[in-house]
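Structural description and commentary
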Amino acid sequence: MTNPRVKQLFEAAPAILPSLLQCDFGNLEREVRRLEDDGCQGLHLDVMDGVFVPNISYGMPIVDAIRKLTDLPLDVHLMIQDPGKYAQAFSDAGADLLTFHVEAVDEIAPVIDNVRSLNMGTGLVLNPGTAIDAVTPFLDQIDVVLVMSVDAGFGGQAFNPVAIDKLKALRAIKPDLILEIDGGVNLETIGSCREAGADLFVVGSAIFRSSDYAAALERLRAEVQRHDPHSS
Ligand code: DX5
Ligand code: ZN
């Protein structure tokens, strides 16, 4: 991986990535600054098109605005139809890691090649109903598998434990693969995600519904550490 910010993000693992979906967009700079001050090592940006998922969030202009506010690695989660068509635009907007859903494309390999050629980290995403077989043929061509523990589309949904089995299975197949988990990750669920092998933890509600982000992040980090599979 030659993208320096992606390298930096992977070296920070295990790391919590705030999902900005529920942040205060009227005060974006203040939100980003707060997360930086609270020691976050990357930001997770959810792009939804109202076609692949039944919700619309934001696109390139917000990624670009956040890029101008911070040097933190930007992890852009595309929940859109035809992600390859927009890879260049998200690269131009400042994405470092670009993940797209296997359910959204017919031919996965050319989209991976496209994202890689733009020097972004590349990740495949699996909704809860999609088996890991959809990504296993590509594990040597990608940097991350993002396992969804809710159906992509909305923040604030309940964690689906099917994700735990997928994390364990992927970890067993490729011990050095970076595994990311997204959806319903909170104080109750984050420990089992860490035990199952997750490296990057996307968290929305459990940070942004709290008035004290720093305290919420500290509690989540402590829980990750308590469940570290590498410590006895
Ligand atoms: C859901 C998004 C998530 C979402 C997570 O489609 O991919 O990143 O913001 O939010 P919580 O942590 O509330 O499930
Ligand atoms: Zn996401």
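Not measured: the values here are computed from a predicted model.

**Re the pairing of strand β8 (residues 200-203)**
Neither face of β8 is left uncovered, since the one carrying L200 and V202 and the one carrying F201 and V203 both have all their residues buried. The pairing of strand β1 (residues 15-18) with β8 spans four bridges and is classified as parallel. Bridging across to β8, L17 finds its partner in V202. For strand β7 (residues 178-182) and β8, the ladder comprises three bridges, and the chain directions are parallel. Counterpart to E180 in the pairing with β8 is L200.

**Quick look at the coordination of the zinc ion (ligand 2)**
Around the zinc ion (ligand 2), the protein supplies H44 (NE2), D46 (OD), H77 (ND1) and D182 (OD) as donor atoms, at distances of 2.0 to 2.3 Å. Viewed at the metal, the six donor atoms of the zinc ion (ligand 2) are separated by angles of 70 to 170 degrees, and the geometry they form is octahedral. The motif formed by the donor residues of the zinc ion (ligand 2), counted along the single chain, is H-x1-D-x30-H-x104-D. In this pair, D46 sits in strand β2 (residues 43-48) while D182 sits in strand β7, placing the two residues 136 residues apart along the sequence. The pair D46 / D182 is uniform in exposure class, with both members buried.

**Here we look at unusual backbone geometry**
Cis geometry marks the peptide bond from A13 to P14; its omega dihedral reads 0 degrees. Looking at the element boundaries, P14 is found in the loop between α1 (4-12) and β1. Positive phi outside glycine occurs at D82, with the angle close to 55 degrees. Tracing the chain through its elements places D82 in the loop between β3 (74-79) and α4 (87-93). In the Ramachandran plot, N119 falls in the positive-phi region, its phi being about 60 degrees despite a non-glycine side chain. Mapped onto the elements, N119 comes out in the loop between α5 (108-117) and β5 (121-126). A relative accessible area of 38% means that N119 is categorised as partly exposed.

**Brief notes about the pattern of salt bridges**
Counted under the stated rule, the structure contains 15 salt bridges. Because the salt bridges share partners, they merge into one network encompassing R5, R67, D71 and D96.

**Regarding helix α3 (residues 60-69)**
Since the α-helix packs 3.6 residues into each turn, any two residues three or four apart lie on the same face. For α3, the set of buried residues is V63, I66, R67 and L69. Looking straight down α3, one finds its buried side chains confined to an arc of 160 degrees; they lie on one side. Projecting away from the buried face of α3 at angles above 90 degrees are the exposed residues P61 and K68.

**Describing helix α2 (residues 28-37)**
Within α2 the residues assigned to the buried category are L28, E31, V32 and L35. The buried side chains of α2 occupy one side of the element, clustering within an arc of 95 degrees when seen end-on. When the buried face of α2 is taken as reference, the exposed residues oriented beyond 90 degrees from it are R30 and D37. Packing partners of the buried residues in α2 comprise β1, β2, α3, α8 (205-208) and α9 (213-226).

**Considerations on the site of ligand 1**
Of all residues adjacent to ligand 1, which total 21 residues, the nearest are S19, G153, D182, G184 and S205. S19 is positioned such that a nitrogen or oxygen atom in its side chain is 2.7 Å from an oxygen atom of ligand 1. Backbone polar atom of G156 to an oxygen atom of ligand 1: 2.8 Å apart, as the coordinates give it. For ligand 1, whose free accessible area comes to 380 Å², the fraction covered by protein is 99%. The element best represented in the shell around ligand 1 is β2, accounting for three residues. Classifying every residue of the shell around ligand 1 by side-chain character gives eight nonpolar, 11 polar and two charged.

**Brief notes about the environment of F10**
Within the secondary structure, F10 sits in helix α1. The buried category is assigned to F10, whose relative accessible area is 17%. In this structure the C-alpha to C-alpha distance between F10 and Q41, which are 31 residues apart in sequence, comes to 9.6 Å. If near-sequence neighbours (up to four positions away) are discounted, F10 is found in contact with L97, D143, V144, I178 and L200.

Rules and cut-offs
Residues numbered from 1 in each chain as written. Chains lettered and ligands numbered in written order. Predicted model: local features only at pLDDT ≥ 70, side-chain atom pairs only at ≥ 80, totals over all residues. Heavy atoms only, no water. Buried < 20%, exposed > 50% of the residue type's maximum accessible area, 1.4 Å probe, protein only. Helix = DSSP H or I, 4+ residues; strand = E, 2+ residues; numbered from the N terminus. Pairing = 2+ DSSP bridges. Donors = N, O, S within 2.8 Å, 3.2 Å for Na, K, Ca; no water. Tetrahedral: all angles 85-135°; square planar, octahedral: opposite > 155°, others 65-115°. Salt bridge = Lys/Arg side-chain N within 4 Å of Asp/Glu carboxyl O. Arc of directions from axis to C-beta. Contact = heavy atoms within 4.5 Å. Near = heavy atom within 4 Å. Polar contact = N/O pair within 3.5 Å; in protein donor to acceptor, adjacent residues only side chain to side chain. Areas by Shrake-Rupley, 256 points an atom, 1.4 Å probe, with all protein chains shown as cover. Nonpolar A, V, L, I, M, F, W, Y, C, P; charged D, E, K, R; others polar.

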